[in-house]
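Structural characterization, general
Each chain, written out:
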Amino acid sequence: MIDPNPVDLDIQKRDLIEGLMKGFDVITAFTSDAPQLSASEVAERVGLTRSAARRYLLTLVHTGMAASDGKKFWLMPRLLNLGQSYLESARVPRAVVPFLQRLTQQLQESTNFSLLDGDEIVYVTRVTAAQLVNAGFEPGTRLPAYTTTAGRVLLGTREDAEIQAYLERITLIPHTHMAVTDKAALFQEIVTMRKQGYGITENQFEMGMRGIAIPVKNRNGRVIGALSVTSNLAACSREDAIARGVPALQTTANTLMMWV
């Protein structure tokens, strides 16, 4: 076994360190839309007093994970050590790399391994093709699950009621003018992906781009993530992409199953 199956722990509130949880909230308050924040802005976003938010921010500065000009704060590259610790300690992402390398060499397209984390898809491993323009998402990228092929495929591994509950609590934001914005239509698409064993989307997150994905299971039958390939629509037709990509992804997933 590469990764043990997690178990549901009976965690009580008294067992939790709320300060650590708030610290994570402070870190995730910074986004691409708000790369620099004042203590007051962080306090408003996280639900802290200004003085408490400032102490958290100063702690991050002290550890080298943030910097400040005296008014605004921003995150520093040292924070990447947290993500690197996961990649170095979690064996599945490391084990997947050789399989992705062979898959990329076979298809001559960028390939990814991603996980479903709550309502988001997280890309944890990527192998890029030797092209002038490489499509796909960098490791660490988090997106709403519905926006990507891998996310929709992994949503399809859930029960219908759980998918419906997910769709009810989210707002579909179109990233292109061709993106699916009707929740009933998206539900049917997710169910279809489940039935056919793979998913394919075009022009959903970025115009001119196609994604094909399939779920990956371990030897116990538990879904652990998704393999996907991202390519330019101009490279080939939809039919050719399916005929070439799906068997390669399935073969890789079946081989990978013996190792996880």
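What counts and what doesn't
- Residues numbered from 1 in each chain as written.
- Predicted model: local features only at pLDDT ≥ 70, side-chain atom pairs only at ≥ 80, totals over all residues.
- Heavy atoms only, no water.
- Buried < 20%, exposed > 50% of the residue type's maximum accessible area, 1.4 Å probe, protein only.
- Helix = DSSP H or I, 4+ residues; strand = E, 2+ residues; numbered from the N terminus.
- Pairing = 2+ DSSP bridges.
- UniProt positions renumbered as here; feature names shortened; annotations may be inferred.
- Phe/Tyr/Trp six-rings, centres within 6.5 Å; stacked < 30°, edge-to-face > 60°.
- Lys NZ or Arg CZ within 6 Å of the ring centre and 35° of its normal.
- Salt bridge = Lys/Arg side-chain N within 4 Å of Asp/Glu carboxyl O.
- Contact = heavy atoms within 4.5 Å.
- Axes fitted to C-alpha atoms, helices over the stretch in contact; angles between N-to-C directions.

Focus on the pairing of strand β8 (residues 209-217)
Burial runs high along β8: 7 of the 9 residues are buried. Following strand β7 (residues 199-202), the chain reverses through 6 residues before pairing antiparallel with β8; Asn203 in that reversal takes a positive phi of roughly 60°. Of the pairings in the sheet, the one linking β8 to strand β9 (residues 223-232) comprises 9 bridges and is antiparallel in character. Bridged to Pro215 within β9 is Ala226. Between β8 and β9, which pair antiparallel in sequence order, lie 5 residues; one of them, Gly221, sits at a positive phi of approximately 85°.

Details of the UniProt feature "domain: HTH iclR-type" (unreviewed entry) in the protein
Under the UniProt annotation, "domain: HTH iclR-type" (unreviewed entry) lies at residues 17-77. Within residues 17-77, the helical portion is 52% and the strand portion 15%, while the C-alpha atoms at the span's ends are 25 Å from each other.

Looking at the packing of aromatic side chains
A complete count under the given rule lists 0 aromatic pairs for this structure. Over the ring of Phe99 we find Arg102; its NZ or CZ atom is 5.0 Å from the centre of that ring.

With respect to the pattern of salt bridges
As enumerated under the stated definition, the model contains 9 salt bridges in all. Where Arg142 meets Asp117, a salt bridge forms, and the shortest distance between an N and an O atom there is 2.8 Å. In this pair, Arg142 sits in strand β6 (residues 142-144) while Asp117 sits in strand β4 (residues 110-117), placing the two residues 25 residues apart along the sequence. On the basis of relative accessible area, Arg142 is assigned to the partly exposed category, the value being 41%. On the accessibility criterion, Asp117 (42% relative accessible area) is partly exposed.

Structural notes on the side chain of Asn112
Mapped onto the elements of the fold, Asn112 is located in strand β4. For Asn112, a relative accessible area of 0% translates into the label buried. Residues contacting Asn112, with those up to four places away along its chain left out, are Leu100, Tyr123, Thr125, Arg126, Phe137, Ala226, Leu227, Ser228 and Thr230.

Describing the sheet that holds strand β3 (residues 72-75)
Read from one edge to the other, the open sheet built from 3 strands follows the order β1-β3-β2, with strand pairing classed as antiparallel. Only two strands of the sheet have a single neighbouring strand rather than two, namely β1 (37-38) and β2 (66-68). By the bridge criterion, 2 bridges tie β1 to β3 in an arrangement that is antiparallel. Residue Leu37 lies in a different strand from β3, and its bridge partner there is Phe73.

Description of the sheet that holds β7
Within a sheet, each strand pairs with its neighbour through backbone hydrogen bonds, oriented either parallel or antiparallel. Overall, antiparallel pairing links the 6 strands, which are arranged β6-β5-β4-β9-β8-β7 in an open sheet. The open sheet is flanked by β6 and β7, the only strands paired with a single partner. Shown here is a sheet whose adjacent strand axes are inclined to one another by a mean of 30°, direction ignored. Of the pairings in the sheet, the one linking β4 to strand β5 (residues 120-127) comprises 7 bridges and is antiparallel in character. Residue pairing for β5: Leu116 is matched across the bridge by Ile121. Across the sheet, helix α9 (residues 238-257) is in contact with β7, β8 and β9; its angle to β8 comes to roughly 25°.

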